[in-house]
Amino acid sequence: MTGITDNLLATPRTSTLLILATLTALAFLLMPICCEASSDRQLPDHLPTTNVILFIGDGMDEHQITMARNYLYGPTGSFTMEKMPVRSSVKVQTLREDNPKQFRYIADSANTASTLATGLLTSKGRIATAAISNKTHQTILEEAQLEGYRTGLVSTSSLTDATLAAFATHSPHRDCQSPRDMTIEHPFIPITQQCIQNQTELGGHGSIAKQLATANIDVLLGGGARFFDQQIEGETLLSIILNQDYRLLKNTTDLFAAPDNHKLLGLFAQKHLPVEWIGEDNHRAELITTNTEGHVVFPTPFSCTPNPRHHGHTQETPSLAQMTEKALSALSKDNTKGFFLMVEGASIDKQAHKRNPCGQIGELGAFDQAVAKGREFAMQHPNTLIIVTADHGQAGQVIPLPETYQLASQAIHKPQYPTGYYAILKTLSGELMAISYATNSSPQGQWEMHTGTNVPAFMEGPGLGEIPITIDQRYINRLMRQHLKLDQPRH
Ligand SMILES: [Zn+2]
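Residues numbered from 1 in each chain as written. Predicted model: local features only at pLDDT ≥ 70, side-chain atom pairs only at ≥ 80, totals over all residues. Heavy atoms only, no water.

Attention now moves to the overall build of the chain. If you tally the helices and strands in the chain, you get 14 helices and 22 strands. For the chain, buried positions account for 57% of its 491 residues. Across the chain, every contact between residues at least 6 apart in sequence was considered, and the portion connecting residues at least 24 apart equals 76%. For the chain, the exposed surface amounts to about 20200 Å²; the carbon and sulfur share of it is 52%. (Helix = DSSP H or I, 4+ residues; strand = E, 2+ residues; numbered from the N terminus. Buried < 20%, exposed > 50% of the residue type's maximum accessible area, 1.4 Å probe, protein only. Contact = heavy atoms within 4.5 Å. Areas by Shrake-Rupley, 256 points an atom, 1.4 Å probe, with all protein chains shown as cover.)

Below you can see the structure in the form of structure tokens.
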């Protein structure tokens, strides 16, 4: 979840940005030729490493994929991830905190990432802990570490955000991010999920940032620098990490200059990384109005453009594909065992909350480029299992253009128009596509809510012959454990 604060800058319409827009669009258009599907790779006799790469597009349900695909490639195109040879539909399951024998039908990133990480269900807001009992659920990353695998976590969000945290930390609630959060009462968190019970002084695991600082993960790349400036026992979390032989990376130059034989800590933003794209003139979806004659006034169509905060002259912020490429080279350098890597495209979800279709589309395109890096790596390292999935559904929908509503208005002599927030995008191929967000009221509803649909899973790698058409998120965890030869989860 994210708040409503708009952290996007106004878009100067300069020739530099137009060139960048063209180059970025071309980069997206070139990506799908990367990797052809191959479900039955021939494995060599000697398998030097066993690897799992899990890609999570936050909020990336089929509707969000369709919207981005239409914009970037048109209805006949496809993403790199959609060319992977195995595909299944994934049920999203969430327990009630007040009665874990019952389910609720809307999830959040915390409980769903926890299920992908642990193979066990839990309730909203929880990070790898059991509903009500707060029992610790071991994660696949922790067990892979114990078996000698290297580990990496990469995200476009703060490292302390829910999805990434669920793979390496344990907390009654996702909001227990930093030491400061551990001593205050959080008004919107249930009593059984208050941070105070996870204080180290009371035998708990401590804040998410503190746990990440001592988790000995080989590659940690994302944002959230401000959380690591806080202290425990007179020392900042950052200095605690750096004393463990990590190389600190703050920008793209640092990322590529870093040696592969070091542990890597990338803190590329104070909180979340800036998004790749915004709407032309900062346009997002907006409410539809009627004029004084009672006629419906639809919003003006717009295109997407690179976000100057991400694509500045210095290219300071690495893309998710660049972070993924570096993580893969660092994790595989002189490694004879293998690794577990999770890569998250976090702001597909965050931009949908803000009703910003261009933000979503740019992040989804960037996520797919990161998947392409994973697939290129797997071509060279055939004992690599790649799973691309989402955690839960989001609010964006592709709906009819104004002409459809105008025809209906004429037919019944009453103004017809969609509820909620509406945007008309001019796609890269010049067609128009209408997007709606309507899971929260207007104008008081400040951000969109998640939806309860299934999410996709795209898979590639050895041993994937008999995957059911419909699975659940626990099944994905079992597949990954099986590939790494780890024990299956126990309740
Ligand atoms: Zn969300």
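Further remarks concern the sheet that holds strand E20 (residues 432-437). Taken in spatial order, the four strands make up an open sheet running E12-E19-E20-E18, and their pairing is antiparallel. Both edges of this open sheet fall to strand E12 (286-287) and strand E18 (397-399), since each of them pairs with a single strand only. In the sheet, E12 pairs with strand E19 (residues 421-426) via two bridges, with the strands oriented antiparallel. Bridge pairing in E19 places Glu286 opposite Tyr422. Sheet strands in contact with helix H12 (residues 357-380) are E19 and E20, and its direction is about 55° off that of E19. (Pairing = 2+ DSSP bridges. Axes fitted to C-alpha atoms, helices over the stretch in contact; angles between N-to-C directions.)

The next point concerns the packing of helix H3 (residues 109-118) against helix H14 (residues 473-484). Where H3 meets H14, the axes come as close as 6 Å, and the angle between the chain directions of the two elements is 30°. When H3 is examined against H14, the residues Thr112, Thr115, Leu116, Ala117 and Thr118 are found in contact with a partner set consisting of Gln473, Arg474, Ile476, Asn477, Met480 and Arg481.

Attention now moves to the packing of aromatic side chains. Counted according to the given criterion, the structure contains seven aromatic pairs. Here the aromatic rings of Phe167 and Phe340 are separated by 5.9 Å at their centres, their planes lie at 25°, and the arrangement is stacked. Of this pair, Phe167 sits in the loop between helix H5 (162-165) and helix H6 (208-213) while Phe340 sits in strand E16 (residues 338-345), and the two are 173 residues apart along the sequence. The pair formed by Phe167 and Phe340 is uniform in burial state, with each residue classed as buried. Here the aromatic rings of Phe298 and Tyr422 are separated by 5.8 Å at their centres, their planes lie at 55°, and the arrangement is tilted. One end of the pair, Phe298, is in the loop between strand E14 (296-297) and strand E15 (304-306); the other, Tyr422, is in strand E19, with 124 residues separating them in the sequence. Pair check on accessibility: Phe298 and Tyr422 agree, each one buried. An aromatic cluster is built from Phe298, Tyr405 and Tyr422, whose rings are joined through pairwise contacts. (Phe/Tyr/Trp six-rings, centres within 6.5 Å; stacked < 30°, edge-to-face > 60°.)

This part takes up the sheet that holds strand E9 (residues 246-249). Ordered in space as E9-E10-E6-E5-E16-E1-E17-E21-E2-E22, the ten strands form an open sheet in which the pairing is mixed. Strands with a single pairing partner mark the edges of an open sheet, and in this sheet they are E9 and strand E22 (470-472). Taking each pair of neighbouring strands and ignoring which way they run, the sheet shows an average axis angle of 20°. Pairing of strand E1 (residues 50-57) with strand E17 (residues 384-390) involves seven bridges; the strand directions are parallel. The partner of Asn51 across the bridge, within E17, is Thr384. Across the sheet, H12 is in contact with E1, strand E5 (150-158), E16, E17 and strand E21 (455-460); its angle to E1 comes to roughly 170°.

On to unusual backbone geometry, then. Unlike most non-glycine residues, Ala128 shows phi in positive territory, near 45°. Here Ala128 lies in the loop between H3 and helix H4 (140-146). Positive phi is not limited to glycine here, since Ile132 has a value of about 60°. Counting through the fold element by element, Ile132 comes out in the loop between H3 and H4.

The subject of this paragraph is the coordination of the zinc ion. The textbook angles at a metal center are 109.5 degrees for a tetrahedron of four donors and 90 or 180 degrees for an octahedron of six. Only Asp349 (OD), Asp349 (OD), His353 (NE2) and His450 (NE2) from the protein reach the zinc ion as donors, at distances of 2.1 to 2.3 Å. The coordination sphere of the zinc ion comprises four donor atoms, whose angles at the metal cover 57 to 149°; the geometry is irregular. Coordination of the zinc ion draws on donor residues from a single chain, spaced D-x3-H-x96-H in sequence. Here His450 lies in the loop between E20 and E21 and Asp349 lies in helix H11 (residues 347-353), a separation of 101 residues in the sequence. Classification of His450 as buried rests on a relative accessible area of 7%. (Donors = N, O, S within 2.8 Å, 3.2 Å for Na, K, Ca; no water. Tetrahedral: all angles 85-135°; square planar, octahedral: opposite > 155°, others 65-115°.)

What follows deals with the pattern of salt bridges. Side chains that carry opposite charge are capable of pairing whenever their charged atoms lie near each other. On inspection of all chains with the given rule, the structure shows 13 salt bridges. Where Arg174 meets Asp108, a salt bridge forms, and the shortest distance between an N and an O atom there is 3.1 Å. You can see Arg174 sitting in the loop between H5 and H6 and its partner Asp108 sitting in the loop between strand E4 (103-104) and H3, a full 66 residues away along the chain. For the pair shown, Arg174 and Asp108 are each scored as buried. Between Glu460 and Arg375 there is a salt bridge, with the nearest N and O atoms lying 2.8 Å from each other. Residue Glu460 is found in strand E21, and its partner Arg375 is found in helix H12; the two are separated by 85 residues along the sequence. (Salt bridge = Lys/Arg side-chain N within 4 Å of Asp/Glu carboxyl O.)

For the rest of this paragraph, the subject is the environment of Leu464. By the element assignment, Leu464 lies in the loop between E21 and E22. For Leu464, a relative accessible area of 8% corresponds to the buried category. Taking C-alpha positions, Leu464 is 9.9 Å from His483, a pair spaced 19 residues apart along the chain.

Bringing the state of the cysteines into the picture now. Inspection of every chain in the model, using the stated rule, returns two disulfides. Through a disulfide, Cys176 is tied to Cys195; the S-S separation comes to 2.2 Å. On the S-S bond that ties Cys176 to Cys195, the torsion sits near -90°, and the link is left-handed. Of the two residues, Cys176 is situated in the loop between H5 and H6 and Cys195 in the loop between H5 and H6; the sequence distance between them amounts to 19 residues. For Cys176, a relative accessible area of 0% puts it in the buried group. Judged by its relative accessible area of 0%, Cys195 is buried. The residue that forms a disulfide with Cys304 is Cys358, at a sulfur-sulfur distance of 2.1 Å. Every disulfide takes its handedness from the sign of the S-S torsion; for Cys304 and Cys358 that torsion is -80°, giving left-handed. Of this pair, Cys304 sits in strand E15 while Cys358 sits in helix H12, and the two are 54 residues apart along the sequence. (Disulfide = S-S within 2.5 Å.)

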